[in-house]
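Descriptive structure summary
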Protein chains: 4
Amino acid sequence: MSATRYTYLGPEGTFTEAALRTLPEAATRELVPMVSVPAALDAVRNGEAAAALVPIENSVEGGVTATVDELASGEPLMIYREVLLPISFALLVRPGTKLSDVKTVTGHPVAQPQVRNWLRSHLPDAVWESAASNADGARLVQEGRFDAAFAGEFAAATYGLEALVTEIHDAQNAETRFVLVGRPARPAAPTGADKTSVVIWQRDDHPGALLELLQEFAVRGVNLMLLQSRPTGAGIGNYCFAIDAEGHISDRRVGEALMGLKRICPKVRFLGSYPQAGVAAPRRGRRTLRPGTSDAEFVDAAEWLARCQDGRA
Amino acid sequence: MSATRYTYLGPEGTFTEAALRTLPEAATRELVPMVSVPAALDAVRNGEAAAALVPIENSVEGGVTATVDELASGEPLMIYREVLLPISFALLVRPGTKLSDVKTVTGHPVAQPQVRNWLRSHLPDAVWESAASNADGARLVQEGRFDAAFAGEFAAATYGLEALVTEIHDAQNAETRFVLVGRPARPAAPTGADKTSVVIWQRDDHPGALLELLQEFAVRGVNLMLLQSRPTGAGIGNYCFAIDAEGHISDRRVGEALMGLKRICPKVRFLGSYPQAGVAAPRRGRRTLRPGTSDAEFVDAAEWLARCQDGRA
Amino acid sequence: MSATRYTYLGPEGTFTEAALRTLPEAATRELVPMVSVPAALDAVRNGEAAAALVPIENSVEGGVTATVDELASGEPLMIYREVLLPISFALLVRPGTKLSDVKTVTGHPVAQPQVRNWLRSHLPDAVWESAASNADGARLVQEGRFDAAFAGEFAAATYGLEALVTEIHDAQNAETRFVLVGRPARPAAPTGADKTSVVIWQRDDHPGALLELLQEFAVRGVNLMLLQSRPTGAGIGNYCFAIDAEGHISDRRVGEALMGLKRICPKVRFLGSYPQAGVAAPRRGRRTLRPGTSDAEFVDAAEWLARCQDGRA
Amino acid sequence: MSATRYTYLGPEGTFTEAALRTLPEAATRELVPMVSVPAALDAVRNGEAAAALVPIENSVEGGVTATVDELASGEPLMIYREVLLPISFALLVRPGTKLSDVKTVTGHPVAQPQVRNWLRSHLPDAVWESAASNADGARLVQEGRFDAAFAGEFAAATYGLEALVTEIHDAQNAETRFVLVGRPARPAAPTGADKTSVVIWQRDDHPGALLELLQEFAVRGVNLMLLQSRPTGAGIGNYCFAIDAEGHISDRRVGEALMGLKRICPKVRFLGSYPQAGVAAPRRGRRTLRPGTSDAEFVDAAEWLARCQDGRA
């Protein structure tokens, strides 16, 4: 294994690489692009890399199912960090190309719905053809196969292109969430604004019991930040749920909720507790908990129970 | 204090005494009748008695509010046993009295609704006047003040009377539940069919939150056997709740529910865990729990949580 | 039947009479004291009276079970009004009696716990003996059987007594709630601050399902103001629930909740919708409903559903 | 508009076409393949086609987000039918090709994870390259670009190929669910085994309230068959939910649940009520409802409420 190597969903010049470079430790790691999410994660599983950065959710396209499914199955992995990256595209062209010269455009299929309106307004006659990735599209422009590619502005230099237009995004606030994944280890200490990820499976003989699962969180005052259903592979109608809950596994309310799920679900996979991205340091630890759900209140209640059991209440 | 003295709601010859005598240890205790529930309980509080037997609930008349209110306030007490006694009345008369001789009848006010139909059928013209207790009614018959008294058949001997009619009860299955109350101490070990009693108070600023309290039990699969609202004394609309839940405080599901209540209620008073009356020994421990709520499952889940927190899940 | 006759729990001079006289229409009715709650209500059932005023709840003693049980069983009756009366006692004596002359005191058993502390401070050596009612106690003082009686100050005149001390009440805010009961008819129109009373029975085979009943209210945003369990008479462990909910049966959220209960309970008895006592006119109709529970929102949703069913949504 | 034209996700020879041909009316319609789900649905929106058949969910890959998102936004459409198709691949080759001749294989990217294990066992050295669709892969084999393509066996004839191996599928029970979508109209009559689809949006100021939405179904005994979260486009953390519930909009329990959602959600889009696929005719109408949720019980409760409101209960 290489403690200094991080893989990521490549190729170079993608938004994933840009996201990875926002992590301070990236400067001292060997960053290795991989051809797919499974490949990036398998490198972690088999010890060739210490961690992998992969996209997990896009505010326009939704969950990245390859990532969710890889985390839910196979050799266990854990999430240690998340990165939120605003997504805005640049139209990359060979130097000297003018907008009126652009007859063909390319980009990752996921990019298309995010620039569709812009294309309709500014290049109504341009023909779109998909590329394997945004960076790959840039490479194809470099090679002369297309006149322009939608990609991150940071990809221009890599491929000797220039950004003819920047800040292209049909949807306001478009962003992608990436996670840094490693082999299971003790989660980082709580920061006061954390997130806990799990995947839970329902009992087969118990359809429609999603409500029961959610009550395990609700009764302990734990907010859900994301719930995503995924097929279990056992046929239409059989789902597991990938859930992000607010708080850290070392928070008593979160731990008790997880134990509750563990008891009623045939399978629960803990995917990690890690700092919420996008919460400024001063606001960490300032969140108002529902009364009765702080660690101090849990400890008080446990002491009271012990006194009752001893006849000293 | 006297470890050998038990008080009970007197006078002698009441159903409470009969209930007390069903307890094996009653044979070796000094049994002292008291004039009221508060008096019986105060003798325990101030150390003059080791325990007191008092009625807490009647299947016809409902909760015995004096008992519930005494347990909910003042110096803490705990319930160690419950006794269920079928209630059926005998018509006690002076020897030689015939039914046609009975012109006046007496008994405790609570007895009246339980024999009303019988009176209408068999003694439609008899005049009823209440006595302070059923036993007191028997004494008044002995003294010649009334022709007959409704009381337990066992009271006849005490007052030199005979039971002219027995098994009188308008309601089928009429029974009274009594509790044996002592000073706080470690509850008896679980028997496999136990009951846990608490009184809980709601937050003042949180009307209508009874549902929230009950969910603390429901989410852990703890059944409620009794819920009784009592005024807190702060004016109409302010209530506390006396609750009997199935299970023992040493059952993990019960303990966790109690801690949940402790966290969200301004005040919780634990009143004890004790064997359910009326469950035959072979059936103890045979109850089917909701999946995921056994102690073993709680322990497994706690171990799993510890492994997750250590990065070994 | 007599449309002009109102019965009440007598005798004359009780708090019930005082409560009845707060109703404007009492001035034009014949007010008839009855010996018991059942007697007062039976007079309504058999047409001898148009309505009866009876106590239903006391902030110190709790529910008046005779009233609750009478409303829950027998020929149906309905509540049309409620009256809240602050309870404070006067010490009534024969003219000229001084406090130091008082050796014996009387009053209704329910009065005793409400004046116990006062007695301990001011008349520690006085002997208490209960009377059948507060008014009856006053009569016994008039007859010379006791030196003083606790009763409403308004009872003094009736019995030729004087109030030696007034405003006696151990508990702050002590009050009693009375209800005006008549035969079933269309409830009065909503006032903007109403209350709906029902009694509901649980399915025998479904213990512990109280939560389910309460969710019928909660999901429609209907607050509960009172929940009181009463035995069904089928033995310990079998209860029905007398519930007061906020709102009027003609409020859509209340109606839908009642229908929900009707579907899942073997028996529901509607006891009326009537103005909440103690809410000043300007505040009526100003209560903030939970979003989505106003009549207008119910109507909008019904219209939307109809459009969906017609393919016009 | 053309009442006789149905579009589908093309090209010819895909599983979507096979699913469409299972519908009896397909025999009398003009079936037009389209290049994308949006294109197939837009043809319906603008009147060029009466309906479109598109995939909505795959038991291995999960929800088809393009379809879900198209149904959730834009000009309203409704689902009228669903089709379940078992997915099993054939390995299509030019006539005469032997397994040992196969060096290159192609197919839709979604096919790859479903045949990965088979490939590893039977063609470990073959090189995979993705095609735009399974049918397109078959065409490329016909043209000699690849040695073999994974596609439905039914595609062989169209492209002059033969099925060298059939029934290839790594996952047991792999199936895809398709929906027949048209412009909004009155839903078909209930069949006794129906499904209702909606998309619901949460209030912005109300995170973590998914539980509340699900309770609108649960309290009326409506089972959920699918819950899928989708981004609203307003940034990470903002979701809407595509839900399939058991039952028909004309079932009272379903209608009341939908009205409940309509009241508490800022937006609800009704996507149709239609027969559940895969339920044999004799079992239709035989499902055991939760007690209290049948139409008859809803009607009874409504009549009871009307009687209460009229004073005739």
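Residues numbered from 1 in each chain as written. Chains lettered and ligands numbered in written order. Predicted model: local features only at pLDDT ≥ 70, side-chain atom pairs only at ≥ 80, totals over all residues.

**Structural notes on the overall build of chain A**
Filter applied, for reference: Secondary structure elements are taken from DSSP: a helix is a run of H or I of four residues or more, a strand is a run of E of two residues or more, and numbering for both begins at the N terminus. With C-beta atoms placed from the backbone, a contact is any residue pair whose C-beta atoms sit within 7 Å.
Assigned secondary structure in chain A consists of 9 helices and 15 strands. In terms of overall dimensions, chain A has a C-alpha envelope of 85 × 45 × 40 Å along the principal axes. The long-range fraction of contacts in chain A, counting pairs at least 24 apart against all pairs at least 6 apart in sequence, stands at 74%.

**What about the sheet that holds strand β14 (residues 239–246) of chain A?**
Residues and elements named next belong to chain A. We count it as follows: By definition, two strands form a pair when at least two bridges between them are found by DSSP. Axis angles are defined between N-to-C directions and span 0 to 180 degrees, where every axis is a line fitted to C-alpha atoms and, for a helix, only to the segment in contact.
Spatially, β13-β14-β12-β15 is the arrangement adopted by the 4 strands of the open sheet, whose pairing is antiparallel. Looking at the sheet topology across the chains shown, the edges are occupied by β13 (224–231) and β15 (267–275). Across this sheet, the average inter-strand angle for adjacent strands is 15°, counted without regard to direction. Judged from the 7 bridges that link them, β13 and β14 form a sheet pairing that is antiparallel. Across the sheet, the residue bridging to L226 is D244, located in β14.

**A closer look at helix α5 (residues 134–142) of chain D**
Side chains three or four residues apart in an α-helix point the same way, a direct result of the helix having 3.6 residues per turn. All names here are of chain D. Let me state the cut-off plainly: Neighbour counting defines burial: a residue surrounded by 20 or more other C-beta atoms within 10 Å of its own C-beta is buried, one with 12 or fewer is exposed, and intermediate counts give partly exposed, using backbone-placed C-beta atoms.
Among the 9 residues that make up α5, 7 are buried, leaving the element largely enclosed by the rest of the structure. Of the residues making up α5, those classed as buried are N134, A135, D136, G137, A138, R139 and V141. G144 occupies a position one or two residues after α5 and carries a positive phi of about 85°.

**So, the interface of chain D and chain A**
When the parts of a complex come together, some accessible area is lost, and that lost area is often used as the size of the interface. Worth spelling out the cut-off: All residues other than Ala, Val, Leu, Ile, Met, Phe, Trp, Tyr, Cys, Pro, Asp, Glu, Lys and Arg, Gly among them, are scored as polar; the first ten of these are nonpolar and the last four charged.
The partner chain A presents 31 residues to the 31 residues of chain D that form the contact. Elements with a minimum of two residues in the side of chain D that touches chain A: β11 (175–182), α7 (210–218) and β13 (224–231) of chain D. Top element by residues in the side of chain D that touches chain A is β13 of chain D. It accounts for 7 residues. Residue composition of the side of chain D that touches chain A, grouped by class: 14 nonpolar, 12 polar and 5 charged.

**Quick word on the UniProt feature "site: Essential for prephenate dehydratase activity" (unreviewed entry) in chain A**
Which entries qualify depends on this criterion: UniProt positions are given in the numbering used here, feature names are shortened, and annotations may be inferred rather than shown by experiment.
Those residues carrying the UniProt feature "site: Essential for prephenate dehydratase activity" (unreviewed entry) are T176 of chain A in this numbering. On the secondary structure map, T176 of chain A appears in strand β11 (residues 175–182).

**Let's talk about the packing of helix α8 (residues 252–264) of chain A against helix α9 (residues 295–310) of chain B**
Defined as follows: Orientation categories follow fixed angle ranges, with anything under 35 degrees roughly parallel, anything over 145 roughly antiparallel, 65 to 115 roughly perpendicular, and all other angles oblique. We call a crossing left-handed when the near helix sits turned anticlockwise from the far one by less than a right angle, and right-handed when that turn is clockwise.
Between α8 of chain A and α9 of chain B, the shortest axis-to-axis distance is 9 Å and the interhelical angle comes to 125°. When the axis of α8 of chain A is compared with that of α9 of chain B, the two are oblique. Seen along the crossing, α8 of chain A lies across α9 of chain B with a hand that is right-handed. The segment α8 of chain A lies against α9 of chain B, with G255, L258, M259, K262 and R263 of chain A engaging E297, F298, A301, A302, W304 and L305 of chain B. When its residues are assigned to classes, the contact of α8 of chain A with α9 of chain B shows 7 nonpolar, 1 polar and 3 charged.

**Looking at the relation of the copies chain C and chain D**
Counted only if it meets this: For the least-squares superposition of copies, only C-alpha atoms count, and only for residues with pLDDT at least 70 in both.
With an RMSD of 0.1 Å, the fit of chain C onto chain D corresponds to turning through 180° and sliding 0.0 Å along the axis. Taken together, the turn and the small shift mark the pair as related by a two-fold rotation axis. In terms of C-alpha distance to the rotation axis, chain C has V219 of chain C as its closest residue, with the C-alpha 3.8 Å off the axis. Of all interface residues in chain C, 100% are interface residues in chain D too; the two copies therefore contact each other through one and the same surface.

**Some thoughts on the UniProt feature "domain: Prephenate dehydratase" (unreviewed entry) in chain A**
Taking the UniProt record as the reference, the feature "domain: Prephenate dehydratase" (unreviewed entry) is found at residues 5–183 of chain A. Its end C-alpha atoms 13 Å apart, residues 5–183 of chain A is made of 26% helix and 34% strand.

**Quick notes on the interface of chain C and chain D**
Contacts between the two partners involve 29 residues from chain C and, on the opposite side, 29 residues from chain D. At the level of elements, α7 (210–218), α8 (252–264) and α9 (295–310) of chain C are the ones that each hand at least two residues to the side of chain C that touches chain D. With 9 residues, the single largest contributor to the side of chain C that touches chain D is α9 of chain C. Of the residues belonging to the side of chain C that touches chain D, the class tally is 16 nonpolar, 7 polar and 6 charged.

**Concerning the relation of the copies chain D and chain A**
Note on the copies: chain D fits chain A at an RMSD of 0.1 Å, the axial shift is 0.1 Å, and the rotation between them is 180°. The overlap is high: 100% of the interface residues of chain D also sit at the interface in chain A, so the same surface is used on both sides.

**Quick word on the sheet that holds strand β7 (residues 104–107) of chain B**
All names here are of chain B. Here 5 strands make up an open sheet; going across it, the order is β8-β7-β9-β6-β10 and the pairing mixed. At either end of the open sheet lies a strand with only one pairing partner, and these are β8 (127–130) and β10 (162–168). For this sheet, the mean angle separating the axes of adjacent strands, direction not counted, is 25°. The sheet contacts of helix α5 (residues 134–142) involve β6 (89–93), β7 and β9 (148–151), and relative to β9 the element is tilted by about 160°.

**Quick look at unusual backbone geometry**
For the bond running from G10 of chain A to P11 of chain A, omega is 5°, close enough to zero to count as cis. In this fold, P11 of chain A is placed in the loop between β1 (5–9) and α1 (15–20). Phi at E167 of chain D is positive, roughly 55°, even though this residue is not glycine. Structurally, E167 of chain D can be placed in strand β10 (residues 162–168).

**Examining the packing of α7 of chain C against α8 of chain C**
Residues and elements named next belong to chain C. One way to put it is that α7 packs onto α8 with a least axis distance of 8 Å and a crossing angle of 155°. With respect to each other, α7 and α8 are oriented roughly antiparallel. Taken as a pair, α7 and α8 cross one another with a handedness that is right-handed. Residues E212, L213, E216 and F217 of α7 form the contact with α8, whose participating residues are A257, G260, L261 and I264.

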